[in-house]
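Analysis of the macromolecular model
One letter stands for each residue in the lines below.
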Amino acid sequence: MHLNPYGADVVNFAAGLANHPPATAGELADRCRAAGLVLELPVEAADLDRTRAVVDQWTRVVDAPTEREKADLVNDMLARSAAYPRLTDHAHGWHLHYRDDRQPLGAVLFALISVATAMHLVNRGMDRLGRCAVEGCDQIFADTSRTARRRYCSQPCANRDAVRRHRARTMA
C-alpha cells in the first residue's frame, strides 16, 4: 500500500476497518491484499486482535472533540508505532516505510494508520475525519473532498438526508 502525501488511501482503509471490522484473520489478510498491502508474514489471530486495538485507538482520534486532543492521540500512536523512515523497494518500487521490516501485520497497520492519519490531518485539515451526519448512522469517513464539506459516509446517506430535509420543508 502506498502512502500518498494526503494519506487518503490508508485513512479510507482504516475507516473501512472501523465501519466493517474483519471477523477473522483470513478476512483481514484478504482485505489488506485487496488494498494493495504486501503481506510479508502469515496473518495470525494476534494480528486481528492488534488491528482491532489499532482501530479502536484510531476511532478515538476521529471522535476527539478538539484539534489538540486529536494531535495528542495521533502523536501517541506515532510514538508507539513508527520506526525511523526508510527507503524500501520490496514490492512496488522505491517508497518510504515508517516501520521496521518483517513486522507482524498488526504492527504494520499500526504504523501505516498512524502515519497516514497524521499526514491526512496535517495536509487536509484537523477536522477531516468524521462520522456520518445522518441520525442513526455512526459510520466513519475520511473527508478527501476538495471543498472540505463532506458530512456523510456515503451517497445513499446523503440522499436519505436530502429527502428528509425536503419532506420536512414541504410538510411545514
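It should be emphasised that the depicted structure is a prediction, and the values quoted were computed from it without experimental measurement.

1. Looking at the nonpolar core
Ranked by internal contacts, the top residues of the largest apolar core, which has 35 residues, are Leu28, Trp58, Leu109, Ile113 and Leu129. Elements supplying a minimum of two residues to this core: helix H1 (8-19), helix H2 (25-34), helix H3 (45-63), helix H4 (67-81), helix H5 (105-124) and strand E4 (140-142). Sequence-distant contacts of tryptophan 58, defined by excluding residues within four places in its chain, comprise Val11, Ala14, Ala15, Ala18, Met77, Ile113, Thr117, Leu129 and Ile140. Val134, Cys137, Tyr152 and Ala158 belong to the second-largest nonpolar core, a separate cluster that totals 6 residues.

2. With respect to H2
Burial in H2 covers these residues: Ala25, Leu28, Ala29 and Cys32. The buried residues of H2 occupy one face: seen down the axis, they fall within an arc of 100°. Residues of H2 that are buried make contact with H1, H3 and H5. Downstream of H2 by one or two residues, glycine 36 has phi in the positive range, about 95°.

About the thresholds
Residues numbered from 1 in each chain as written. Predicted model: local features only at pLDDT ≥ 70, side-chain atom pairs only at ≥ 80, totals over all residues. Heavy atoms only, no water. Core = buried A, V, L, I, M, F, W, Y, C linked by side-chain atoms within 4.5 Å. Buried < 20%, exposed > 50% of the residue type's maximum accessible area, 1.4 Å probe, protein only. Helix = DSSP H or I, 4+ residues; strand = E, 2+ residues; numbered from the N terminus. Contact = heavy atoms within 4.5 Å. Arc of directions from axis to C-beta.

The values are spatial; any link to function lies outside them.
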